[in-house]
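Observations on the three-dimensional arrangement
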Amino acid sequence: MPKTVEAYIGIGSNLADPQQQVIDVLPHLNQIRQTSLLSHSSLYQSAAVSDIEQEDYINAVACLSTSLRPMELLLELQAIEYAFYRQRSDELKWAPRTMDLDIILFGNIQQNDSHLHIPHAEMKNRLFVLMPLLEIAPDLYIPGLGSLSYLIQHAPQLRINRLDRDASNRLSEN
Ligand code: AMP
């Protein structure tokens, strides 16, 4: 039997009803082969990190149980991004996105190659990843980086707020 690990996925959208996009992607995560959705955070609204002016992002973090390898999971996530009509190109690096799915953590592994950087290279700078993670896994220790509370204390301050119960209820109905 392949080993099963917990993987944390960062979800972000700032185009075409982003709240609904984030809600709608959860069942897709649960349908990935050899994978199930264990839990997810509330929705958060955050200022876009970008050189160009754009709408706020809606973010959440999901916890998956998977027996896929990290690269296999990345390819599954990219297929879901494309299904949500995400365009990918060098010019669009900082452009608005209908769906962005990143592997934040994959068990305790540390990997840094041309395709994957795990833990995600930018997670320590992104309150919109750290705050939802704190909600669903407060005791998490991030390999090579430290505790979540330490990272949150030292992260650049970014405008972020957890969305109200209406949005969270819509999410838990999924
Ligand atoms: P982006 O378009 O900003 O989502 O970046 C996607 C690219 O980042 C992919 O082609 C991946 O090869 C690379 N990448 C590196 N580390 C990660 C990670 N932890 N999760 C998702 N993509 C990653």
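Right, let's walk through the structure included here. (Residues numbered from 1 in each chain as written. Predicted model: local features only at pLDDT ≥ 70, side-chain atom pairs only at ≥ 80, totals over all residues.)

The next thing to look at is the pairing of strand β4 (residues 57–66). Here β4 lies mainly inside the structure; nine of its 10 residues are buried. Examined bridge by bridge, strand β1 (residues 5–13) and β4 share nine bridges and lie antiparallel to one another. For Ser 13, the partnering residue across the bridge sits in β4 and is Ile 58. In this sheet, β4 lies alongside strand β2 (residues 35–40) in antiparallel orientation, the contact comprising five bridges. Note on β4: the bridge partner recorded for Thr 35 is Thr 66. Judged from the three bridges that link them, strand β3 (residues 44–46) and β4 form a sheet pairing that is antiparallel. Within β4, the position partnered with Tyr 44 by the bridge is Asn 59. (Buried ≥ 20, exposed ≤ 12 C-beta atoms within 10 Å, placed from the backbone. Helix = DSSP H or I, 4+ residues; strand = E, 2+ residues; numbered from the N terminus. Pairing = 2+ DSSP bridges.)

With that settled, consider the nonpolar core. Residues Ala 7, Tyr 8, Ile 9, Ile 11, Val 61, Ala 62 and Ile 104 are the most contacted members of the largest nonpolar core, which totals 36 residues. If you list the elements that add at least two residues to this core, you get β1, α1 (18–30), β4, α2 (70–83), β5 (100–106) and α3 (127–136). A total of seven residues in this core trace back to one element, the largest contributor, which is β4. Residue contacts for Ile 104: discarding those within four places in its chain leaves Tyr 8, Ile 9, Gly 10, Val 61, Pro 119, His 120, Met 123 and Val 129. (Core = buried A, V, L, I, M, F, W, Y, C linked by C-beta atoms within 7 Å. Contact = placed C-beta atoms within 7 Å.)

Our next topic: the site of the ligand. Taken together, 10 residues lie around the ligand, and Asp 102, Ile 103, His 115, His 117 and His 120 are the ones closest in. Mapped by element, the contributors of at least two residues to the shell around the ligand are β5 and β7 (117–118). No other element matches the three residues that β5 contributes to the shell around the ligand. Tallied by class, residues from the shell around the ligand come to four nonpolar, three polar and three charged. (Near = placed C-beta within 6 Å. Nonpolar A, V, L, I, M, F, W, Y, C, P; charged D, E, K, R; others polar.)

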